[in-house]
Amino acid sequence: MASSASVDDNIESNPLLQDFDFPPFDFVEAKHVRPGIRALLKKLESDLDELEKTVEPSWPKLVEPLEKIVDRLTVVWGIVNHLKAVKDTAELRAAIEEVQPEKVKFQLRVGQSKPIYNAFKAIQESPDWKSLNEARKRIVETQIKEAVLNGVSLEDDKREQFNKIEQELERLSHKFSENVLDATKKFEKLITDKKEIEGLPATSLGLAAQTAVSKGHENATAEHGPWMITLDAPCLFAVMQHARNRALREEVYRANITRASTGDLDNTPIINQILKLRMEKARLLNYNNYAEVSMATKMATVDKAEELLEKLRSASWNAAVQDIEDLKSYSKSQGALEADNLSHWDINFWSERLRESKYNINEEELRPYFSLSKVMDGLFKLAKTLFGIDIEPADGLAPVWNKDVRFYRVKDSSGSPIAYFYFDPYSRPSEKREGAWMDEVVSRSRVMSRNGTTPRLPIAHMVCNQTPPFGDKPSLMTFREVETVFHEFGHALQHMLTKQDEGLVAGIRGIEWDAVELPSQFMENWCYHRDTLMSIAKHYETGESLPEEVYLKLLAARTFRAGSLSLRQLRFASVDLELHTKYIPDGSESVFDVDQRVSKKTQVIPPLPEDRFLCGFNHIFAGGYAAGYYSYKWAEVLSADAFSAFEDVGLDNTKAVKETGHKFRETILALGGGKAPSEVFVEFRGREPSPEALLRHNGLLPVAA
């Protein structure tokens, strides 16, 4: 008797199954995942049975119960998945791996439900269709399209094959990202001789010593070492940009481009399998290739995306060739032996030296001006100016997963809370995946209202991987890290400032993937706006502002190597499209051959023959960017054009900036997925988007005399 009772108690007390306003991140452990997810799925199965039995083509009998089912799974699975990204353990991985197929199976069942699909079709064909508002029409159209892409129209054996493919793809993408994380962690190089790491800035030496301490060298110091070099982003970038030791740069570079490409962490077979299965899935759905499946729910088409990439490539190429010439002549003037034969591990190093000499800016010397707290204050001040919101710390209101995580409340001009967000800023290589991202915890929703009268408020995650505080110094950021925080905050704003009450299209939900980077890239532009930058750039010890001449240099340096940086993104986007349109798995070409071929057109210095960067390309093999990496460039066009609306009215005209900001908030940020992004853009800008502003910002427009 006792034993079965205790199992039930466990289910009762399982934190994943509690009714909460804010997820119990401090309580959820690996042991809760299997029983929690299984109990949840069982409950949702019976809710789905009930819905299919009672469904009618009406909002209360179809969309509301469906949203409740979808939302519950999204929120609970989101907690588990989030913990895996920020607090990874072997136990948590194993638990997720075990229940994942059950979760995918349930999602497929929802996605392929004939009764639900037929009810949506009936709404679309009913006489009431015309009277539905735009957001509801979008929900119906999206649900019908998604159901078809989920295989609702497939016959039994084909559907079974489709479901097998979906299960396997989900498993493979998880495995892919785990291999990348493990391969990144695996590379460690202990350095005891300070001469070997000459050139590395003090912050990086501090970080490398801190890493060494965590690996058991408890007496390591920034000054005397030993220092542990890893492939974690802050360390990797520091070595590539600053280490004078060319052999060290080469070793780290080679380790990075061959990550997860050998031994038991080799992602090569996984890539081939993923591409093969995506191709099969496309064929089952009657598409020619996977890119067409991907584009079915985007603004672009394959042709339009390729056309944009080619337009940007030709605008960037000559500038990128000139970049390399400049590096050659500069490194030669500095007596570099490698000047006539610059290799990949020399580019960032000499670029950094050239930038320092040309603009007299040293990334590291800027760090003391960008302490995390000042940057956040300035960012929040900007959000108040542009969008009329107040952001205040609310630490302690919601449980967190690490002591460094901050929690904030967002209020509108009347002082009412409209949203909340978590911010997890620092790199933790042993447990947190690389990169920076924003994700939803819960979305705004009328149906999911807590009190039956006001919509549930949205909550977001913002996660970065910047340099942690060291000793008595706060977290001092590079300018690039500042841009990253602004970027992720742009995503968070679109999630949090939505005025959309239909949960299925609120915030970032239901927005075409190639439009979703618009607000994030838009926010990055403000890092170069004088008032904004001056409000965040205060020396952490003296409090003095960034000197004016340094600001002007930063502005001038903005277009430094713009051609090369543009081509780098175009290589990723082009190889992604090529692999998902023309590549034939197990054919005469390998995926690496494709990359080499694409790189001939997109890289001035072709990649090394042994380059295996694809084995670490999480975006397209473990993230949502398959046949969608072009979205960054597509949305960059939109975001640069949107920012030019502020330039048109005058960036120092506070009144006009506030008015334009209000308009941006009421369109781009408020409408969510409830209106087609192309229409939302026109509503904000008064015309169709044009790539001109992007090329102008990047200094890639031929300037008229």
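Residues numbered from 1 in each chain as written. Predicted model: local features only at pLDDT ≥ 70, side-chain atom pairs only at ≥ 80, totals over all residues. Heavy atoms only, no water.

Chemist: Sorry if this is basic, but what is going on with the UniProt feature "domain: Peptidase M3A/M3B catalytic" (unreviewed entry) in the protein here?
Modeler: Listed under "domain: Peptidase M3A/M3B catalytic" (unreviewed entry) in the UniProt record, and renumbered for this structure, are residues 239–699. Along residues 239–699 one finds 51% helix and 7% strand; the C-alpha atoms at either end are 28 Å apart. (UniProt positions renumbered as here; feature names shortened; annotations may be inferred. Helix = DSSP H or I, 4+ residues; strand = E, 2+ residues; numbered from the N terminus.)

Chemist: Is there a simple way to explain the domain arrangement of the protein in this structure?
Modeler: Note on interface size: it is often stated as the accessible area lost on association of the parts. Split by domain assignment, the protein resolves into domain 1 (13–153), domain 2 (187–258) and domain 3 (367–557). Each of domain 1 and domain 3 has a C-alpha centre, and the two are 28 Å apart. With 28 residues of domain 1 at the interface, the matching set in domain 3 holds 35 residues. Summing both partners gives a buried area of about 2,700 Å² for domain 1 against domain 3, and 58% of it is carried by carbon and sulfur. On the domain 1 side of the contact with domain 3, Phe 22, Glu 67 and Val 86 bury the most area, a combined 25% of that side's loss. For the salt bridge of Arg 136 with Glu 502, the shortest nitrogen-to-oxygen distance reads 2.7 Å. (Domains from an automatic or database assignment. Contact = heavy atoms within 4.5 Å. Buried area = accessible area lost by both parts, 1.4 Å probe. Salt bridge = Lys/Arg side-chain N within 4 Å of Asp/Glu carboxyl O.)

Chemist: Looking at this structure, how should I read helix H22 (residues 591–602)?
Modeler: Residues spaced three or four apart along an α-helix face the same direction, because each turn holds 3.6 residues. Between the first and last C-alpha of H22 there are 16 Å, a value that for 12 residues agrees with the 16 Å anticipated at 1.5 Å per step. Those residues of H22 that fall on the buried side of the exposure criterion are Val 591, Phe 592, Val 594, Asp 595, Val 598, Ser 599 and Thr 602. Taken around the axis of H22, the buried residues stretch over an arc of 150 degrees, which confines them to a single face. Of the surrounding elements, those touching the buried residues of H22 are helix H11 (268–284), helix H13 (302–333) and helix H21 (562–581). (Expected span 1.5 Å × (residues − 1). Buried < 20%, exposed > 50% of the residue type's maximum accessible area, 1.4 Å probe, protein only. Arc of directions from axis to C-beta.)

Chemist: Can you walk me through the sheet that holds strand S5 (residues 417–426) in this structure?
Modeler: Consider a sheet: its strands pair through backbone hydrogen bonds, and that pairing is either parallel or antiparallel. Spatial strand order, S3-S4-S5-S7-S6: five strands in an open sheet with mixed pairing. Of all strands in the sheet, those bounded by a partner on one side alone are strand S3 (390–393) and strand S6 (437–442). Averaged over all adjacent pairs, the angle separating strand axes in this sheet is 25 degrees, with direction ignored. Note: S5 against strand S7 (residues 459–466), six bridges, orientation parallel. Across the sheet, residue Phe 421 finds its bridge partner in S7, namely Ala 460. Most of the contacts of helix H3 (residues 59–86) go to S6, to which it runs at about 145 degrees, and overall it touches S5, S6 and S7. (Pairing = 2+ DSSP bridges. Axes fitted to C-alpha atoms, helices over the stretch in contact; angles between N-to-C directions.)

Chemist: I keep staring at helix H20 (residues 548–557) and nothing clicks. Help me out?
Modeler: All of the buried residues along H20 are Val 550, Tyr 551, Leu 554 and Ala 557. The buried residues of H20 occupy an angular sector of 125 degrees when projected down its axis, which confines them to one face. Looking at the buried side of H20, the elements it contacts are helix H14 (344–359), helix H15 (363–366), helix H17 (479–496) and helix H19 (530–536).

Chemist: How should I be thinking about the pairing of S7 in this particular structure?
Modeler: Where a strand is regular, its side chains alternate between the two sheet faces. For S7, the buried fraction is high: eight of the eight residues fall into the buried class. Judged by which residues are buried, S7 turns out to be covered on both faces: Ile 459, His 461, Val 463 and Asn 465 on one side and Ala 460, Met 462, Cys 464 and Gln 466 on the other are all buried. Bridging between S6 and S7 involves five bridges; their strand directions are antiparallel. The partner of Asp 439 across the bridge, within S7, is His 461.

Chemist: Help me understand the confidence of the model for the protein, please; the structure alone is not making it clear to me.
Modeler: Interpretation of the predicted coordinates at a detailed level should be avoided for regions scoring low in pLDDT. Scored by pLDDT, the protein has a mean of 95; 98% of the residues are at 70 or more. Counting interchain partners and residues more than four positions distant, the pLDDT-below-50 stretch residues 1–8 has zero contacts. (pLDDT = per-residue confidence, 0-100.)

Chemist: What is the right way to read the nonpolar core from this model?
Modeler: Here is a general trend for soluble globular proteins: nonpolar side chains tend to be buried in one another's company. Among the nonpolar cores identified, the biggest contains 143 residues, and Phe 421 and Phe 489 are the most heavily contacted of them. Each of domain 1 (13–153) and domain 3 (367–557) accounts for three or more of the residues forming this core. Contacts of Phe 421, omitting those with residues within four sequence positions, involve Phe 380, Ile 391, Arg 406, Phe 407, Tyr 408, Val 410, Ala 460, Met 462, Phe 489 and Met 496. By size, the runner-up hydrophobic cluster in this structure holds 60 residues, among which are Trp 59, Trp 77, Trp 129 and Tyr 420. (Core = buried A, V, L, I, M, F, W, Y, C linked by side-chain atoms within 4.5 Å.)

Chemist: What's the story with a negative patch on the surface in this structure? I'm lost.
Modeler: Side chains of Glu 155, Asp 156, Asp 157 and Glu 160 sit close together on the surface and give a patch of like negative charge. Examined against the element boundaries, Glu 155 turns out to sit in the loop between helix H6 (134–149) and helix H7 (156–186). (Patch = residues over 30% accessible without salt bridge, like charges linked within 9 Å, V, L, I, M, F, W, Y side chains within 5 Å. Areas by Shrake-Rupley, 256 points an atom, 1.4 Å probe, with all protein chains shown as cover. Lys, Arg positive; Asp, Glu negative; His and termini not counted. Charge placed at Lys NZ, Arg CZ, Asp CG, Glu CD.)

Chemist: Would you mind showing me how to read the packing of aromatic side chains here?
Modeler: For any pair of aromatic rings, the description rests on two quantities: the centre-to-centre distance and the angle between the ring planes. In this structure the tally under the stated criterion is 40 aromatic pairs. Each ring, one from Trp 513 and one from Tyr 625, has its centre 5.2 Å from the other, and the planes form 75 degrees; the classification is edge-to-face. Of this pair, Trp 513 sits in the loop between H17 and helix H18 (518–524) while Tyr 625 sits in the loop between helix H23 (618–621) and helix H24 (631–649), and the two are 112 residues apart along the sequence. Overall, the relative accessible area of 33% leaves Trp 513 in the partly exposed class. (Phe/Tyr/Trp six-rings, centres within 6.5 Å; stacked < 30°, edge-to-face > 60°.)

Chemist: Is there a simple way to think about the UniProt feature "domain: Oligopeptidase A N-terminal" (unreviewed entry) in the protein in this case?
Modeler: As annotated by UniProt and renumbered to match this structure, "domain: Oligopeptidase A N-terminal" (unreviewed entry) occupies residues 37–159. Counting secondary structure, residues 37–159 comes out at 81% helix and 0% strand; the distance between its end C-alpha atoms is 25 Å.

Chemist: When you look at the side chain of Ser 631 in this model, what are you seeing that I'm missing?
Modeler: Here Ser 631 lies in helix H24. Among the residues examined, Ser 631 registers a relative accessible area of 0% and is labelled buried. Among residues more than four places away in sequence, those in contact with Ser 631 are Lys 298, Trp 513 and Asp 514.

Chemist: Got a minute to help me understand unusual backbone geometry in this structure?
Modeler: Excluding glycine, residues mostly carry a negative phi; peptide bonds, for their part, are mostly trans. Along the chain, Gly 225 connects to Pro 226 via a cis peptide bond; the corresponding omega equals -5 degrees. Residue Asn 360 is not a glycine yet carries a positive backbone phi of 55 degrees. If you trace the backbone, Asn 360 turns up in the loop between H14 and H15. For Asn 360, a relative accessible area of 54% gives the class exposed. With a phi close to 60 degrees, Arg 561 is a non-glycine residue in the positive phi region. Within the secondary structure layout, Arg 561 lies in the loop between H20 and H21.

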